[in-house]
Amino acid sequence: MIGTGYGGSVAALRLAQAGIDVHMVEMGMSWDTPGSDGKIFANTKSPDDRSFWLRTRTKQPLSSFLGFPIDKNVNRYTGILDAEDFAGITVYQGRGVGGGSLVNGGMAVTPQRDRFSGILPSVDAAEMYSKYYPRANAGLGVADVPLDWWESAACYKYARVGRKHAERSNFPHIFVPNVYDWDYMAQEAAGNATKSALDGEVIFGNNHGKKTLPKTYLAQAKATGRVAISPLHEVTSVSPASGGGYTVAIRQLDTTGGTVATKTVTADRVFFAAGSVGTSKLLVKLRATGALPNLNGEVGKGWGDNGNVMCGRANHMWDPTGTVQSAMPSTGIDNWNAGGAFAEVAPVPTGIETYASLYLSITNTPHRAEFSWNAAAGKAELSWQRAWKETSIGMAKTIFDKINKKEGTIYRTDFFGGTKQWNDSLTYHPLGGAVLNKATDNYGRLHGYAGLYVIDGSLIPGNTSVNPFVTITALAERNIEKIIATDL
Ligand code: FDA
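Below is a short write-up of the structure. (Residues numbered from 1 in each chain as written. Predicted model: local features only at pLDDT ≥ 70, side-chain atom pairs only at ≥ 80, totals over all residues. Heavy atoms only, no water.)

### Some thoughts on the sheet that holds strand β4 (residues 81-85)
Adjacent strands of a sheet pair through backbone hydrogen bonds, lying either parallel or antiparallel.
Piece 1. The strand order across the open sheet formed by 3 strands is β4-β5-β20, and the pairing between neighbours is mixed. This sheet does not close on itself; its edge strands, each paired only once, are β4 and β20 (426-427).
Piece 2. In the sheet, strand β5 (residues 90-94) pairs with β20 via 2 bridges, with the strands oriented parallel. For Thr90, the partnering residue across the bridge sits in β20 and is Leu426. (Pairing = 2+ DSSP bridges. Helix = DSSP H or I, 4+ residues; strand = E, 2+ residues; numbered from the N terminus.)

### What about unusual backbone geometry?
Piece 1. Residues other than glycine seldom take positive phi values, yet Trp31 does so here, at roughly 50°.
Piece 2. Tracing the backbone through its elements, the reader meets Trp31 in the loop between β1 (22-25) and β2 (64-65).
Piece 3. Positive phi, normally seen in glycine, also occurs at Asn170, with a value near 65°.
Piece 4. Within the fold, Asn170 resides in the loop between α5 (157-168) and β6 (173-175).

### Side note on the packing of α5 against helix α10 (residues 389-407)
Piece 1. Between α5 and α10, the shortest axis-to-axis distance is 9 Å and the interhelical angle comes to 90°. Judged by the inter-axis angle, α5 sits roughly perpendicular to α10. Facing α5, whose interface residues are His165, Ala166 and Arg168, α10 presents Ile403, Lys406 and Glu407.
Piece 2. Considered class by class, the residues forming the contact of α5 with α10 number 2 nonpolar, 1 polar and 3 charged. (Axes fitted to C-alpha atoms, helices over the stretch in contact; angles between N-to-C directions. Parallel < 35°, antiparallel > 145°, perpendicular 65-115°, else oblique. Contact = heavy atoms within 4.5 Å. Nonpolar A, V, L, I, M, F, W, Y, C, P; charged D, E, K, R; others polar.)

Here it is, written out as structure tokens:
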């Protein structure tokens, strides 16, 4: 198993339960040992060496605050959040045992069923909604927002302001389930538990409260006694072994990214679960360099950013958003059908009153990029163009131009460097690159090689209409069930 994110964790658990030994190889750290401050994870407000993957300077998604740049120098370390730069876009990803579950906002959204055929047209939607989405939600520990508490909780004042403005402009407002332990958050708010979400912890890890994969699927997988995990090990190659199965080349890393050792192992079957970017980069390299020449021409294609764009709005003085803001978003504005945008109401957990409303929009962008191998440079490249984000901004504006007009407010210009109103340079939601039923068959079996599978976000062609991890998990549940029944 290459990678320990959502797809990898589901596959490892189900394979182990079927009596199959699994070895998971993870390039990031295990994140189970406290640092010198007694905490495993750094705080969002004070990034340190633990925060970023092999960078010497932080690259915060909100690069300025009140107009002042906030990035700072750090020591190069195998930290938890990778801000991976391609020519037209920075792709944020979790690094460590648990993948993106370590750094994400926990928003656990099942897409509306009538939108599903636009996401994965070759998959039986009835089966997904009756069986695999419920299985994924249960496995992840997804829970609804406790509404009575939410209505009066100080830490969701920002979300209630977001709801008020959405409703005053006649947009559907929805609550979004989360994997954070709501009881724990209520205890944080009451002053009875060590603060995590209420201390702004999220993108560099949560020391408490969040049900990450190491607490759910991976804990169950380990309990079978059939799953071994090797952190700080990166898979660099997979090729057919002479005696059958596959030879997997692995590089062991130290915490500065240096090579400690190179190893090869043989596996009967290999699952690519390195995430959309990790799997796509590996596969285009292996096809181009002759390790897996029979991979088809679809490998690398169909990559999208889930239409992510961010903006902030400046509220009037009578609409404060609160000094304590839960780092776990709980609500969204759904204008998908009319305007192609679904916006989550995001926190600005600075600890001071900012009068800001921040939004991450997911938009119905048609743009798709392709990964390819640049032999001269010795690296995979992505054909994304920055200008494509204009389409997404246009869709997000169907919500926020209207709200600004109604409220008499304006966009904030102090969050994204210079006087930019929109963050058009990143995604949190990379999807595609080894699309289901194109690069693979309809269950993730890679064309050209028996025993090679893709089981992560690269199967999904660029967009899920909402935050993606529940769909990645549900699709993995579906595919691994079929693979176990028919291939093993
Ligand atoms: P994932 O990226 O989780 O796991 C892949 C793993 O493989 C990683 O641990 C990586 O280190 C490892 N790997 C890569 N290459 C390797 C190699 N060559 N060898 C060994 N290991 C390798 N989604 C959502 O639904 N709700 C939300 O609230 C959010 N919020 C959010 C915030 C932030 C800051 C980020 C960065 C992302 C989100 N997401 C999110 C997105 C979500 O986390 C993401 O879609 C999933 O983690 C993707 O799951 P995968 O299983 O595809 O890969």
